[in-house]
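# Commentary on secondary and tertiary structure
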Amino acid sequence: MSNHNLYQKSYFNRLPELGDLAPEAFKAFVEFDQKAVAPGKLPAKLKEIIAIAVAHTTGCPYCIEVHVNNARKQEVTREELSESIFVAAALKAGSAAAHGVNALNAYESTTEDLYKKSYFNKIKEFADLSGEAFQSFMDFDKKAMKAGVLSAKEKELIAVAVAHTTGCPYCIDIHTNGAKEQGASKEEVAESIFVATALKAGSALAHSVNALNAYDTE
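Residues numbered from 1 in each chain as written. Predicted model: local features only at pLDDT ≥ 70, side-chain atom pairs only at ≥ 80, totals over all residues. Heavy atoms only, no water.

## Points about the overall build of the protein
- Scanning the protein for helices and strands turns up 12 helices and zero strands.
- Going residue by residue from the N terminus, the α and β elements of the protein occur as α-α-α-α-α-α-α-α-α-α-α-α.
- Judged by the C-alpha coordinates and their principal axes, the protein covers about 55 × 40 × 30 Å.
- Accessible area of the protein: about 12300 Å², with a carbon and sulfur share of 56%.
- Placing the 23 positive and 28 negative side-chain charges of the protein at their respective mean positions leaves the two points 4 Å apart. (Helix = DSSP H or I, 4+ residues; strand = E, 2+ residues; numbered from the N terminus. Areas by Shrake-Rupley, 256 points an atom, 1.4 Å probe, with all protein chains shown as cover. Lys, Arg positive; Asp, Glu negative; His and termini not counted. Charge placed at Lys NZ, Arg CZ, Asp CG, Glu CD.)

Right under this line is the structure:
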């Protein structure tokens with residue numbers, strides 16, 4: 001392996017080696033992953049769209065490659081692909097902005113409780129503290145979540161999945177409610193969460209090929 005090329009498509013071919021090194025865990029993950037992305041209440045196409053968004057959140061190049069190829073087989077368009085990526089971008093940025101309310105609390109040292117739903121109301125303070133940047137973000141977030149080639153419901157389900165990847169409790173609350181308002185069932189929300197779970201775990205597993213390369217490099 002070249003010390004300079006940490007990511008190459010061919011490296012992913014080493015993944016089956018994990019099946020020999022940790023067979024029970026590897027087999028259990030593969031079975032879970034297959035079930036998580038299989039069609040259910042959500043069609044396979046939407047699950048692949050969700051997977052692409054989550055893969056851009058975890059930043060796993062192998063996962064992006066795999067799920068974009070899977071999405072093409074499900075006839076996902078470039079427009080649908082792009083919209084899902086910008087939902088992921090909005091949620092990843094939104095997680096940072098949302099946690100800003102915790103920073104304001106920490107700066108003021110006024111509370112013992114780290115998370116309350118009511119704290120999210122403090123985000124409006126950023127309109128005064130950093131107005132231009134805050135307004136630009138809000139405009140971006142609104143446009144990213146606006147119905148386009150993907151429906152508002154589909155975008156909210158993507159957002160729910162991504163929010164579970166970023167681990168933002170404010171985002172989970174907002175977008176779960178948003179998905180519900182758009183007519184998503186609890187089962188559909190649950191399936192989107194398990195796609196996110198599979199992709200987050202899958203990202204760790206996919207990077208194992210880098211660990212194998214590093215271990216074998218003299």
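So that's the structure; there's more coming.
## Here's the deal with the packing of helix 3 (residues 44–58) against helix 4 (residues 61–73)
- At a minimum axis separation of 9 Å, helix 3 and helix 4 run at an interaxial angle of 160°. Here helix 3 is positioned roughly antiparallel relative to helix 4, judged by the angle of their axes. Relative to helix 4, the crossing made by helix 3 is left-handed. Residue-level inspection shows Glu-48, Ala-51, Ile-52, Ala-55 and His-56 of helix 3 in contact with helix 4, the latter providing Cys-63, Ile-64, His-67, Val-68, Asn-70 and Ala-71.
- The class makeup of the residues in the contact of helix 3 with helix 4 is seven nonpolar, three polar and one charged. (Axes fitted to C-alpha atoms, helices over the stretch in contact; angles between N-to-C directions. Parallel < 35°, antiparallel > 145°, perpendicular 65-115°, else oblique. Left-handed = near helix turned anticlockwise from the far one by under 90°. Contact = heavy atoms within 4.5 Å. Nonpolar A, V, L, I, M, F, W, Y, C, P; charged D, E, K, R; others polar.)

## A look at the pattern of salt bridges
- Considering all chains together, one arrives at 11 salt bridges under this definition.
- One salt bridge in this structure joins Lys-143 and Asp-139, with 3.3 Å as the shortest N-O distance. Of this pair, Lys-143 and Asp-139 both sit in helix 8 (residues 131–145), four residues apart, which is roughly one turn of that helix.
- Given a relative accessible area of 35%, Asp-139 falls into the partly exposed group.
- When salt bridges that share partners are traced, they join Arg-14, Glu-17 and Asp-216 into one network. (Salt bridge = Lys/Arg side-chain N within 4 Å of Asp/Glu carboxyl O. Buried < 20%, exposed > 50% of the residue type's maximum accessible area, 1.4 Å probe, protein only.)

## A look at the packing of helix 9 (residues 152–166) against helix 10 (residues 169–181)
- Between helix 9 and helix 10, whose axes approach to 8 Å, the crossing angle comes to 160°. Between helix 9 and helix 10, the angle falls in the class roughly antiparallel. Relative to helix 10, helix 9 is oriented so that their crossing is left-handed. Contacts between helix 9 and helix 10 pair Glu-156, Leu-157, Ala-159, Val-160, Ala-163 and His-164 from the former with Cys-171, Ile-172, His-175, Thr-176, Gly-178 and Ala-179 from the latter.
- For the contact of helix 9 with helix 10, a count of residues per class yields seven nonpolar, four polar and one charged.

## Let's talk about helix 5 (residues 78–98)
- For helix 5, with 21 residues, the first-to-last C-alpha span of 30 Å sits near the 30 Å given by 1.5 Å per residue.
- Looking only at helix 5, the buried set comprises Glu-80, Glu-83, Ser-84, Val-87, Ala-88, Ala-90, Leu-91, Gly-94, Ser-95 and Ala-98. In an axial view of helix 5, the angular spread of the buried residues amounts to 165°, which keeps them on one side of the axis. Opposite its buried face, helix 5 presents the exposed residues Arg-78 and Ala-96, each directed more than 90 degrees away.
- On its buried side, helix 5 packs onto helix 3, helix 6 (100–108), helix 8, helix 9 and helix 10. (Expected span 1.5 Å × (residues − 1). Arc of directions from axis to C-beta.)

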